[in-house]
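# Report on the structure
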Amino acid sequence: MSEQGKPSPASTARRQFVLDAAKMACGVGLAAGGLALYAKQAKALPPGALRPPGALAEGDFQGACIRCGMCVRDCPYRILSLARPEHPVATGTPYFVARGLPCEMCEDIPCVKACPTGALDHSLVDITKARMGLAVLIDHESCLNWLGMRCDVCYRVCPLIDKAITLEPQRNPRTGKHTMFIPVVHSDACTGCGKCEKACVLEVSAIKVLPAALAKGEIGAHYRLGWKEKDRAGESLVAPDAEHKFNLPEGYRYEYGGRGLVRDEPELSTLPGAPKGAK
Amino acid sequence: MAAVKRPGAEAQAVKGWLGSHRWLVARRFSQLSILAMFLLGPLAGVWIVKGNLNFSYTLGVLPLADPYVLLQSALTGHAPEGKALVGAAIVLAFYFLVGGRVYCSWVCPVNMVADLAHWLRRRLGITKSVRIARSVRYWLLGATLVLAGATGTIAWELVNPVSMFHRGLIFGIGAAWSVVFAVFLFDLVFADRGWCGHVCPVGAFYSVLALRSPVRVTAARRAHCNDCMDCYAVCPEMQVIKPALKGASRGAGPVILSPNCTNCGRCIDVCSKTVFRFGLRYDDREDAPSPAPAGGVARAAIADRA
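Scope of this entry: the structure provided in the associated data block.

Criteria and thresholds
- Residues numbered from 1 in each chain as written.
- Chains lettered and ligands numbered in written order.
- Predicted model: local features only at pLDDT ≥ 70, side-chain atom pairs only at ≥ 80, totals over all residues.
- Heavy atoms only, no water.
- Phe/Tyr/Trp six-rings, centres within 6.5 Å; stacked < 30°, edge-to-face > 60°.
- Helix = DSSP H or I, 4+ residues; strand = E, 2+ residues; numbered from the N terminus.
- Buried < 20%, exposed > 50% of the residue type's maximum accessible area, 1.4 Å probe, protein only.
- Lys NZ or Arg CZ within 6 Å of the ring centre and 35° of its normal.
- 1 Å grid on protein atoms, 1.4 Å probe; cavity = no way out; pocket = protein on both sides within 12 Å on 5 of 7 lines; lining within 4 Å.
- Points joined across faces, edges and corners; volume = space filled by probe spheres on them.
- Nonpolar A, V, L, I, M, F, W, Y, C, P; charged D, E, K, R; others polar.

Now for the packing of aromatic side chains. Residues and elements named next belong to chain B. The full count for this structure, using the stated rule, is 12 aromatic pairs over all chains. With a centroid separation of 4.8 Å and 75° between ring planes, the pair formed by Trp23 and Phe278 is classed as edge-to-face. Highlighted residues: Trp23 in helix α2 (residues 22-44) and Phe278 in strand β5 (residues 277-280), separated in sequence by 255 residues. Relative accessible area serves as the criterion here: at 26%, Trp23 is assigned to the partly exposed category. Judged by relative accessible area, Phe278 falls into the partly exposed class, the value being 23%. Site record: aromatic cluster; members linked through ring pairs are Tyr68, Phe94, Tyr95, Tyr103, Phe205 and Tyr206. Its end group placed over the ring of Tyr57, Lys83 keeps NZ or CZ at 4.4 Å from the ring centre.

A few words now on the layout of surface pockets. All names here are of chain B. Reported here for the largest pocket is a volume of approximately 1400 Å³. Elements with a minimum of two residues in the lining of the largest pocket: α2, α5 (102-107), α6 (110-124), α10 (194-199) and α12 (230-234). A total of 11 residues in the lining of the largest pocket trace back to one element, the largest contributor, which is α6. Of the residues that constitute the lining of the largest pocket, the class distribution is 21 nonpolar, 11 polar and 16 charged. If you go around the second largest pocket, you meet 23 residues; those closest to its centre are Ile34, Leu53, Leu64, Tyr95 and Val107. Only α2, β1 (49-52), β2 (55-58), β3 (62-65), α4 (82-98) and α5 provide two or more residues apiece to the lining of the second largest pocket. In terms of residues, the lining of the second largest pocket owes the most to one element, α4, which gives five residues. Of the residues belonging to the lining of the second largest pocket, the class tally is 18 nonpolar, four polar and one charged.

What follows is the structure, encoded as C-alpha cells:
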C-alpha cells in the first residue's frame with residue numbers, strides 16, 4: 001500500500017485513480033440500480049398479454065428472448081407484436097392480446113420454429129400441448145349461458161371443443177323447469193389460445209384467458225381425495241363401507257344418485273287420487 | 001466567421017468532393033442499405049432479411065446474432081442454442097477481422113443520429129461539452145453483464161437505444177423515438193460525441209472484440225502531416241489518432257491500434273496529405289516519406305508547396 005511520509009507522485013496518482021474509480025462505480029452503480037428496479041417491474045407480465053406458444057415461464061423467457069421479432073415475422077396471421085417502450089410488456093418481447101387477435105394454433109407452429117434461442121421451446125411440436133394461458137369463465141353474472149340462454153359461442157369456437165370446454169347441464173333454479181348449460185374449462189386441455197375470449201358476444205368478454213399461475217388454484221400436497229384413494233386401492237381405506245339404513249315408510253326407498261326419496265313404482269297406480277294409467 | 005475552418009475543406013480542394021468524402025459516402029451507403037434490406041420485408045413484402053440487429057435471418061440461410069445480447073442472455077442462465085449460436089459466431093468472426101467497431105460506424109443506425117448531432121453542434125457553434133470519461137462505457141458494459149446475471153432478464157435491452165431504434169424502424173417505433181431523441185439531445189447539448197464515444201456499452205463490447213483486429217487505419221505517411229488538425233476534428237474517437245500519428249519519436253508504429261477506432265475512414269477522407277489509409281495492424285511500414293508521385297499531379301504540387 002502507500003508508503004510512509006510525504007505522498008510521492010506515484011501515490012498521488014494512485015489516489016486519484018482510486019477516487020476516479022470510486023466516482024465511476026458510484027455513478028454507474030446508481031444507473032444500474034435504477035435499471036435493475038425497472039427490470040424487476042418489467043418482469044411482471046400484465047394478465048391481458050399472452051406469450052406465443054411454447055414460451056418459457058415468464059422469468060426465464062425474459063432472459064432467453066433476444067427481442068429479434070422472428071416469431072412475429074413468421075406468424076401467418078400477424079397476431080404477435082413486439083412490445084414498444086410505452087407498452088406494459090418488457091420492451092421488444094413478443095405478445096398478443098386474446099380479445100384483439102387470438103392464436104390460430106397452426107399445426108406446424110411457425111413462431112416456435114422461427115425462434116433462434118429457444119425462448120419459445122423447440123420441444124413443443126404438438127400445438128395442443130401449448131399452454132399460453134388458461135381460459136376462465138370469470139363472470140358468471142353476465143355470461144348468457146349462466147343466465148339460462150343458449151349462447152354456447154365460447155364452446156363452439158374452441159379448437160378443442162368438448163375437451164378444453166364442455167357444457168355441463170344444471171337445473172335452472174330461476175325457472176325451475178329449464179336446464180342451464182354451463183361452459184366449463186378444463187385446464188388439462190386448454191391451450192390458452194384465446195378464441196373463446198375473442199368470440200364472447202358480450203361487450204366485455206365473460207370468459208378470459210389468464211396466465212395459468214393466476215387462474216389455477218393448487219390443492220395442498222398432503223391432501224388425499226378419499227374417493228380417488230378408494231378407487232386406487234379398490235376398497236375403502238378407513239373403514240369398510242356399511243350400507244346406510246333408512247327408516248322409511250313401506251314402499252319408499254332412497255336413491256343416492258340424485259332423485260332422493262322415491263316411491264316404488266308398482267304402487268303408484270294403486271294410490272288413491274292417482275291418475276289412471278299413470279306409471 | 002472566416003476564422004472557423006471547415007474540417008476537410010483543404011482535402012476537398014486537393015482531392016475533389018468525392019475524393020474527400022469517399023469513405024463517408026461508402027459508410028452512409030452501408031448504413032442505409034442495411035436498413036433498407038431490413039425494411040424491404042415489412043414495407044414492400046420482399047423478404048431478404050427477417051428480424052433485426054439482435055438476430056436476423058437472411059434469405060433463409062444466413063443467421064446473424066448480436067453476440068453482446070446473446071452473452072447477456074447466457075448470463076441470465078439460458079443456454080443459447082441453434083441458429084443464435086451460429087449467428088453469433090459468424091458476427092464475432094466478421095467483426096474481429098474488420099475491427100469490432102465497424103459495427104458502430106458502418107451498421108448501427110444510432111451512428112447517423114450521433115453524426116447529425118455532431119454536425120449540428122459545429123454548425124450552431126456549440127463548443128461547451130460536459131467532460132465524461134471515455135471509460136464510462138466499459139463500466140456500463142460490466143454493469144449490464146452483472147445486471148443480466150442479477151435480474152435474470154436482459155435488463156439492458158429494456159433501455160438500449162441501439163436496438164430500440166433499429167427494432168422501432170422495422171417493427172414500429174412508438175415511444176422509442178423519445179429514447180433516440182434523448183441520445184440526439186445528449187450529444188447536441190451535453191457532450192460532444194457523448195453517446196457513441198463515451199457511454200454506449202454496445203460500442204464498448206465491440207471495442208473489446210477489436211482488441212486484436214487485423215484491419216486498422218494506419219498513418220502510413222505521417223511524415224507528411226502538416227498539423228492541420230482536420231483528422232482530430234472529424235474523428236469520433238480522436239484520442240486514438242495521436243499515438244500513431246505523432247508517435248514516431250517514441251518509436252511507435254503508424255498503425256492506429258486503439259480498439260476504440262471505429263474504422264470509419266473519415267480521417268482518410270479529410271486529410272489533404274493522404275497521410276492515412278486502411279492497412280493491417282502488423283504492417284508497421286511507413287510509406288516512402290518523399291512526395292508520393294503516385295498521388296497525381298495535384299497532390300504532388302501541394303506536397304511541394306508544403
